[in-house]
Amino acid sequence: MGRAFTDGVSRENKVTLRTRKRSWKPLADLQGLSGRTKTIGSEMGPLVDVPAMVRIENDKWVFERISQETLTHLTHRLIIHETEGPRTLGATLDLNTAMQVAQGMAKTEGSVVLIEPLK
């Protein structure tokens with residue numbers, strides 16, 4: 001018994017195993033997810049830039065869903081120019097509100113807001 005431990009195991013009785021490299025392919029693993037995303041995206045149609053309806057109540061911004069009736073009554077769009085290009089901040093129901101927001105942005109952010117008529 002002692003001799004078996006000191007001499008080791010004979011070559012014929014040794015078990016040989018090949019080590020397999022694990023091939024991790026994240027893109028292949030996510031193929032189903034990306035395929036479903038593309039299918040759903042094409043079914044939804046093109047993206048439309050819809051400004052958010054924002055109210056200020058008690059010094060807090062309140063975001064609301066926009067109904068079609070409200071969209072038809074919007075009169076002015078607020079646009080800010082950034083290094084990436086122009087970005088729409090939102091739209092207002094009248095010129096007075098647009099002026100108030102533009103003045104507030106000029107005072108607090110130091111940025112210029114373009115007021116563009118929608119109709």
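Because the structure is a prediction, the values reported are computed rather than measured.

A.B. asks: Let's hear about helix α3 (residues 31-44): which residues, and what values?
C.D. replies: Along an α-helix, residues three or four positions apart point the same way, because every turn accommodates 3.6 residues. Here α3 is 14 residues long and its end C-alpha atoms lie 20 Å apart, about the 20 Å a rise of 1.5 Å per residue gives. Burial analysis of α3 places just 0 of its 14 residues in the buried class, a small minority of the element.

A.B. asks: Give me the nonpolar core: which residues, what numbers.
C.D. replies: Generally speaking, nonpolar side chains in soluble globular proteins are found buried as a group. Counting 6 residues, the largest nonpolar core consists of Leu78, Ile80, Ala98, Ala102, Met105 and Val113. Of all the secondary-structure elements, those providing two or more residues to this core are β3 (76-82) and α5 (95-108). It is α5 that contributes the most residues to this core, 3 residues altogether. Contact partners of Ala102, with chain neighbours within four places excluded, come to Val113 and Ile115.

A.B. asks: Lay out the side chain of His76 with the relevant residues and their values.
C.D. replies: Along the chain, His76 falls in strand β3. A residue is classified by how much of its surface remains accessible, and His76, at 16% relative accessible area, is buried. In this structure, His76 is in contact with Gly90, Ala91, Thr92, Asp94, Leu95, Ala98, Ile115, Glu116, Pro117 and Leu118, ignoring residues within four places of it in sequence.

A.B. asks: Any chance you could break down a nonpolar patch on the surface for me, citing the residues and the numbers?
C.D. replies: Side chains of Ile56, Trp61 and Phe63 sit close together on the surface and give an oily, nonpolar patch of about 410 Å² of accessible area. On the secondary structure map, Phe63 appears in strand β2 (residues 60-64). Taking relative accessible area as the criterion, Phe63 reaches 60% and is therefore assigned exposed.

A.B. asks: I'd like a description of the pattern of salt bridges, backed by residues and values.
C.D. replies: In this structure the tally under the stated criterion is 2 salt bridges. For Glu82, the salt bridge identified is with Arg87, shortest N-O distance 3.0 Å. With a relative accessible area of 41%, Arg87 lands in the partly exposed category.

A.B. asks: Pulling in residues and values, what's your account of the sheet that holds strand β4 (residues 85-92)?
C.D. replies: Pairing is antiparallel in the open sheet, where 3 strands are placed in the order β4-β3-β5. Strands with a single pairing partner mark the edges of an open sheet, and in this sheet they are β4 and β5 (113-117). When strand polarity is set aside, the average angle formed by the axes of neighbouring strands in this sheet is 30°. When β3 meets β4, the two strands line up antiparallel, connected through 7 bridges. Pairing of His81 across the sheet is with Pro86, part of β4. Against the sheet, α5 engages β3, β4 and β5, with an angle of about 165° to β5.

A.B. asks: Pulling in residues and values, what's your account of α5?
C.D. replies: The end-to-end C-alpha separation of α5 is 20 Å, in line with the 20 Å expected for 14 residues at 1.5 Å each. For α5, the complete set of buried residues consists of Ala98, Ala102 and Met105. Angularly, the buried residues of α5 cover 60° about the axis, an arc narrow enough to put them on a single face. In α5, the exposed positions angled more than 90 degrees off the buried face are occupied by Asn96, Gln100, Lys107 and Thr108. Those residues of α5 that are buried lie in contact with β3, β4 and β5. Remark: Gly110 follows α5 within two positions and exhibits a positive phi of approximately 75°.

Criteria and cut-off values
- Residues numbered from 1 in each chain as written.
- Predicted model: local features only at pLDDT ≥ 70, side-chain atom pairs only at ≥ 80, totals over all residues.
- Heavy atoms only, no water.
- Helix = DSSP H or I, 4+ residues; strand = E, 2+ residues; numbered from the N terminus.
- Expected span 1.5 Å × (residues − 1).
- Buried < 20%, exposed > 50% of the residue type's maximum accessible area, 1.4 Å probe, protein only.
- Core = buried A, V, L, I, M, F, W, Y, C linked by side-chain atoms within 4.5 Å.
- Contact = heavy atoms within 4.5 Å.
- Patch = residues over 30% accessible without salt bridge, like charges linked within 9 Å, V, L, I, M, F, W, Y side chains within 5 Å.
- Areas by Shrake-Rupley, 256 points an atom, 1.4 Å probe, with all protein chains shown as cover.
- Salt bridge = Lys/Arg side-chain N within 4 Å of Asp/Glu carboxyl O.
- Pairing = 2+ DSSP bridges.
- Axes fitted to C-alpha atoms, helices over the stretch in contact; angles between N-to-C directions.
- Arc of directions from axis to C-beta.

Taken by themselves, the reported measurements are silent on function.
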